[in-house]
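Observations on chain architecture
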Amino acid sequence: AKKTYVKMMASWKTLLNTAYALVEGGDANVTEEMIQELAALDETICISWEDGVYSLEEASELKQAKETAFYQYLMQNAPALEDGVYQLAKAEDLQWVASRVAMGLRDVVVQMVAPIDMKDVEWQPIGTTERPFSGKFYGGKFPITNLSGMLFGTTDGAVIDGVAIESATVADNGGNAHTGGLV
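Residues numbered from 1 in each chain as written. Predicted model: local features only at pLDDT ≥ 70, side-chain atom pairs only at ≥ 80, totals over all residues. Heavy atoms only, no water.

Let's shift gears to the overall build of the chain. When helices and strands are tallied, the chain shows 5 helices and 13 strands. Accessible surface computed for the chain: about 10,300 Å², of which carbon and sulfur atoms make up 48%. (Helix = DSSP H or I, 4+ residues; strand = E, 2+ residues; numbered from the N terminus. Areas by Shrake-Rupley, 256 points an atom, 1.4 Å probe, with all protein chains shown as cover.)

Encoded structure:
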């Protein structure tokens, strides 16, 4: 088998950038110690291959990153993760995606696996002007019902496919011509 060591994927660096952004934004749950734990880690991973089959071996430092307090904070209450895709089955899963994108999580891939009812759910759209949604959102044509506001606030290069909004209440933002139910 052949091996090569490469710089860490952008998703790991996103964790560190997200931690910095949260501190700058005044999130008291993210401590300087959390950031120091992340910053001290090696940014190298090992990719091995044999006969055209590639596998990713995490460096021990990356495994340590997943044990840091910040990673655990960021991932608390996360939807199920299957092959790198977050599986959305309930309103709380949708809220998790919106909050983590607002924190700076980029290039997240999600797949709805069931209808989602947003009745009586406090909702903030996915993506802001400062932190747009740039990931992939596959709705699977499952309906989102009783949505209060837009599903997406701001996007940048995002893939949005198979999203079905059955009922939504969208307020006129003071004559904003760019207000809609999806984006």
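We are not done yet, so read on.
Two pairing modes exist for strands in a sheet, parallel and antiparallel, and in both the strands are linked by backbone hydrogen bonds. Pairing is mixed in the open sheet, where 5 strands are placed in the order 4-5-6-8-11. Bordering the open sheet on either side are strand 4 (80-82) and strand 11 (159-161), each of which pairs with just one other strand. Strand-to-strand twist of the sheet, defined as the mean angle between neighbouring strand axes without regard to direction, takes the value 20°. Sheet strands in contact with helix 5 (residues 91-103) are strand 5 (85-88), strand 6 (109-112) and strand 8 (136-138), and its direction is about 140° off that of strand 5. (Pairing = 2+ DSSP bridges. Axes fitted to C-alpha atoms, helices over the stretch in contact; angles between N-to-C directions. Contact = heavy atoms within 4.5 Å.)

So, about the pairing of strand 5. Two strands pair when backbone bridges link them, and strand 4 and strand 5 are joined in this way by 3 bridges, in the antiparallel orientation. Residue Glu82 lies in a different strand from strand 5, and its bridge partner there is Val85. Between strand 4 and strand 5, which pair antiparallel in sequence order, lie 2 residues; one of them, Asp83, sits at a positive phi of approximately 50°. Here 3 bridges tie strand 5 to strand 6, and the two strands are oriented parallel to one another. Residue pairing in the sheet places Gln87 in a bridge with Gln111 of strand 6. Running through helix 5, the crossover from strand 5 to the neighbouring parallel element strand 6 is right-handed. (Right-handed = clockwise from strand over helix to strand, strands pointing away.)

Read across the sheet, 3 strands follow the order 7-9-12 without closing on themselves; strand pairing throughout is parallel. Because the sheet does not close on itself, it has two edges, and the strands there are strand 7 (116-117) and strand 12 (164-165).

Within the largest apolar cluster, 24 residues are counted, with the highest numbers of intra-cluster contacts made by Leu88, Leu94, Met118, Trp123, Ile126, Phe137 and Leu151. Residue assignment for this core shows that the elements contributing at least two residues are strand 5, helix 5 and strand 6. Considering every element that reaches this core, the biggest residue donor is helix 5, with 6 residues. (Core = buried A, V, L, I, M, F, W, Y, C linked by side-chain atoms within 4.5 Å. Buried < 20%, exposed > 50% of the residue type's maximum accessible area, 1.4 Å probe, protein only.)

A complete count under the given rule lists 1 salt bridge for this structure. Ionic pairing is found between Asp93 and Lys90, a salt bridge with its closest N-O pair at 3.4 Å. (Salt bridge = Lys/Arg side-chain N within 4 Å of Asp/Glu carboxyl O.)

Scanning the model with the defined rule gives 3 aromatic pairs in all. Judged by centre distance (4.9 Å) and plane angle (45°), the rings of Tyr86 and Trp96 are tilted. Placement of the pair is Tyr86 in strand 5 and Trp96 in helix 5, with a sequence separation of 10 residues. By the burial criterion, Tyr86 is buried, and Trp96 matches it. Considering the side-chain rings of Phe137 and Phe152, the 5.3 Å spacing of their centres and the 85° angle between planes classify their relative orientation as edge-to-face. Taken together, the positions of Phe137 in strand 8 and Phe152 in the loop between strand 10 (147-148) and strand 11 put the pair 15 residues apart, joining distant regions of the chain. Considered together, Phe137 and Phe152 belong to a single accessibility category, that of buried residues. These aromatic residues form a ring-pair network of at least three members: Phe133, Phe137 and Phe152. (Phe/Tyr/Trp six-rings, centres within 6.5 Å; stacked < 30°, edge-to-face > 60°.)

Attention now goes to the environment of Ile116. With respect to the helices, strands and loops of the structure, Ile116 is situated in strand 7. Residue classification places Ile116 among the buried positions, given a relative accessible area of 2%. Each C-alpha atom, one on Ile116 and one on Ile144, is 4.9 Å from the other, the two residues being 28 residues apart in sequence. Look past the residues within four positions of Ile116 in its chain and what remains in contact with it is Leu88, Ala89, Lys90, Ala91, Leu94, Pro143, Ile144 and Thr145.

Next up on the list: the confidence of the model for the chain. Per-residue confidence for the chain gives a mean pLDDT of 74; residues scoring 70 or more make up 55%. Low pLDDT, under 50, characterises residues 1-10; the stretch is placed with 30 contacts to residues that sit more than four places away or in other chains. Across residues 52-56 the pLDDT falls below 50, and counting only partners more than four positions away or on other chains, this stretch makes 11 contacts in the model. (pLDDT = per-residue confidence, 0-100.)

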